[in-house]
There are 2 protein chains.
Amino acid sequence: MTLDFYKKNKKILLAVDCIIFGFNKEELEILLIQRDFEPEKGKWSLMGGFVEENESPGDAAQRVLKSLTGLDHIYMEQFAVFGNPNREPQERVVSLCYFALINTEILSTDYKAKWFKLEKCPPLIFDHNEMVVEAHNKLKKKAALYPILFELLSDKFTIPQITLLYEAIYQNQLDKRNFTRKLLASKLLIKLNEKDKENSKKGAYYYKVDKSIYKEKIISFLNFLPGWYGE
Amino acid sequence: MTLDFYKKNKKILLAVDCIIFGFNKEELEILLIQRDFEPEKGKWSLMGGFVEENESPGDAAQRVLKSLTGLDHIYMEQFAVFGNPNREPQERVVSLCYFALINTEILSTDYKAKWFKLEKCPPLIFDHNEMVVEAHNKLKKKAALYPILFELLSDKFTIPQITLLYEAIYQNQLDKRNFTRKLLASKLLIKLNEKDKENSKKGAYYYKVDKSIYKEKIISFLNFLPGWYGE
DNA sequence: AATAATTAGTGTCAAATTAACACTTATTTT
DNA sequence: AAAATAAGTGTTAATTTGACACTAATTATT
């Protein structure tokens, strides 16, 4: 039994960092917390923590996010590894990065995590600002290809809301006629008999996702954004 | 100085595994090696190794690949983390997965790594078969969006060769007229005054990539594959 | 009661892109 | 000279795209 093989190798602290984007009705935001321990105490940071013995990195990300924000069962995707030997000054830490996009409203106020407008993201500890930039790039690509964005808009949403969301992510104006046409052409949306009257006098119809179709026939959403090309 | 914070946490063995796809003229292949140490000695495996103290995971992947295959400066992309606590029986190991696509010909015969047809991939150690499936899925998506595939076809290549490559990756037939038209419409290809006469009597013109355009204007290649949708 | 203000919702058309389709060309072998 | 092989190319109808601006529904104001 040659366990020696494993013994020779150095173990490493393995962390997860969660980049949580939020949207409500206007702008893309990002969730941050203030470190309450050294090093870098008091500075703003992503939600992070270490992978423990009996959990997978994905589970660790879920646990860390929940413990710091109360957010549970958020689908996150691993999108990068930051593992430069000197990225943290005190000790070597390799970080696995996960991102998600949620509705800002679902964050409970019992926690200290705070939303920042993405455009006004403060300086963060270590290399966290780079992580945010990379996550935003991934989000753009992902959103172009997959209708994931509908999921975050809770159960029901209006077409103007989706439009605003895409505009926030791509920081671009969209032609609402063309965009609506494409949305509806996907046949993923079911019109409800109910209107959102909070945001306009006329009121906008709510829609929901047709999950039966959605699961199988995942559709290419590229070119939702005219003239926009990946990366 | 609260270094204790770090001390409390368990360190983990961190590995990299390299999924190297190869193509020459017909089929998509995958590079494997036979383990020459326990556990699982003698079984087929991906090229893997541990991340060492003074290297980033990306550097580790490069080092491991080079030491086992001689392949150097291969662009690999991190695409998954396999970190289930029990994925290796002897000891907990979290593995970062990287993939690349190269021309099978560039592999030197001095090494023990061996090409297998992807369709005849043998049973591999641990969860390596799952890694291969995930990598293949990523490759499909990636290839649809980016012209990366030209890069692997060394300096020059013919249009029939590219067509075969895409057909191998998507395991699908392509209409050669339509596909050629799209390739040329990208304006990424420069026709050379030289023919490949090895593969046909008539001979096919070589092309090379116009790197000056390639770098900036990365073009969406989605819908290179008619009716094909992501994932 | 009429008017103004606000945002939702919709249609057309010209241009570009797509997918389906089969024959000719160049060269080598026999 | 004929046969074999793989390269290379063009047309057309259908679909999709992007540019464009008005009408509809409701509420607030006067």
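- The name that an unreviewed UniProt entry assigns to chain A is NUDIX hydrolase, with the source organism given as Sphingobacterium litopenaei.

1. Some details on the protein's contact with DNA strand C
No. 1: Around DNA strand C, the structure places 21 residues, and the nearest of them are K176, R177 and K202 of chain A together with R177 and K202 of chain B.
No. 2: Within 4 Å of the protein, the contacting atoms of DNA strand C are 46% sugar and phosphate, with bases supplying the remainder.
No. 3: Interatomic distance of 3.0 Å between a side-chain N/O atom of K176 of chain A and a base nitrogen of DNA strand C.
No. 4: With respect to DNA strand C, the side chain of K182 of chain B contributes an N or O atom lying 3.5 Å from a phosphate oxygen.
No. 5: At four residues, the largest contribution of residues to the surface near DNA strand C is made by helix α6 (residues 176-185) of chain B.
No. 6: Of the residues belonging to the surface near DNA strand C, the class tally is four nonpolar, five polar and twelve charged.

2. Quick look at the nonpolar core
No. 1: Core analysis: the biggest nonpolar cluster contains 50 residues, and I20 and M76 of chain A together with I20 and M76 of chain B have the highest contact counts within it.
No. 2: Within the residue set of this core, elements represented by two or more residues are β1 (13-23), β2 (28-34), α2 (57-69) and β6 (93-103) of chain A together with β1 (13-23), β2 (28-34), α2 (57-69) and β6 (93-103) of chain B.
No. 3: In this view, M76 of chain B contacts C18, I20, A61, Q62, L65, Y98, F99 and A100 of chain B; residues no more than four positions away in its chain are not counted.

3. A look at the pattern of salt bridges
No. 1: According to the stated counting rule, one finds 25 salt bridges over all chains in the structure shown.
No. 2: Put simply, K117 of chain A and E27 of chain A hold a salt bridge, and the shortest N to O gap is 3.9 Å. Of this pair, K117 of chain A sits in strand β7 (residues 114-117) while E27 of chain A sits in the loop between β1 and β2, placing them 90 residues apart in sequence.
No. 3: Given a relative accessible area of 29%, E27 of chain A falls into the partly exposed group.
No. 4: Linking E91 of chain A and K11 of chain B is a salt bridge whose minimum nitrogen-to-oxygen distance equals 3.0 Å. Taken together, the residues E91 of chain A in the loop between β5 (77-82) and β6 and K11 of chain B in the loop between α1 (4-7) and β1 connect one chain to another.
No. 5: Using a relative accessible area of 22% as the deciding quantity, one classes E91 of chain A as partly exposed.

4. With respect to the sheet that holds strand β8 (residues 157-158) of chain B
All names here are of chain B.
No. 1: Strands sit in the order β8-β10-β9 across an open sheet of three strands; the sheet is antiparallel. Either end of the sheet is taken by a strand with one partner, and the two such strands are β8 and β9 (189-196).
No. 2: By the bridge criterion, five bridges tie β9 to strand β10 (residues 204-209) in an arrangement that is antiparallel. Along β10, the bridge assignment pairs I190 with K208.

5. Observations concerning the pairing of strand β5 (residues 77-82) of chain B
Residues and elements named next belong to chain B.
No. 1: For β5, the tally of buried residues reaches six of six residues, placing the bulk of the element in the interior.
No. 2: Here five bridges tie β5 to β6, and the two strands are oriented antiparallel to one another. When the sheet's bridge partners are listed, V81 is paired in β6 with L96.

6. Looking at helix α5 (residues 159-170) of chain A
Residue and element names in this part refer to chain A.
No. 1: For α5, built from twelve residues, the straight-helix expectation of 16 Å at 1.5 Å per residue is met to within 8% by its first-to-last C-alpha distance of 17 Å.
No. 2: In terms of burial, α5 is largely enclosed, as ten of its twelve residues are buried.
No. 3: Of the residues making up α5, those classed as buried are I159, Q161, I162, T163, L165, Y166, E167, A168, I169 and Y170.
No. 4: Two residues or fewer past α5, Q171 is found with a positive phi of approximately 50 degrees.

7. As for the protein's contact with DNA strand D
No. 1: Taken together, 21 residues form the shell around DNA strand D, and within it R177 and R181 of chain A together with K176, R177 and Y205 of chain B come nearest.
No. 2: Backbone atoms, meaning sugar plus phosphate, form 44% of the atoms of DNA strand D positioned within 4 Å of the protein.
No. 3: Between DNA strand D and the protein, one listed contact pairs a base nitrogen with a side-chain N or O atom of R177 of chain A at 3.0 Å.
No. 4: Within the residue set of the surface near DNA strand D, elements represented by two or more residues are α6 (176-185) of chain A together with α6 and β10 of chain B.
No. 5: The greatest single-element share of the surface near DNA strand D, amounting to four residues, is contributed by α6 of chain A.
No. 6: Among the residues making up the surface near DNA strand D, the classes are represented as four nonpolar, five polar and twelve charged.

Reading guide: rules and limits
Residues numbered from 1 in each chain as written. Chains lettered and ligands numbered in written order. Predicted model: local features only at pLDDT ≥ 70, side-chain atom pairs only at ≥ 80, totals over all residues. Heavy atoms only, no water. Near = heavy atom within 4 Å. Polar contact = N/O pair within 3.5 Å; in protein donor to acceptor, adjacent residues only side chain to side chain. Helix = DSSP H or I, 4+ residues; strand = E, 2+ residues; numbered from the N terminus. Nonpolar A, V, L, I, M, F, W, Y, C, P; charged D, E, K, R; others polar. Core = buried A, V, L, I, M, F, W, Y, C linked by side-chain atoms within 4.5 Å. Buried < 20%, exposed > 50% of the residue type's maximum accessible area, 1.4 Å probe, protein only. Contact = heavy atoms within 4.5 Å. Salt bridge = Lys/Arg side-chain N within 4 Å of Asp/Glu carboxyl O. Pairing = 2+ DSSP bridges. Expected span 1.5 Å × (residues − 1).

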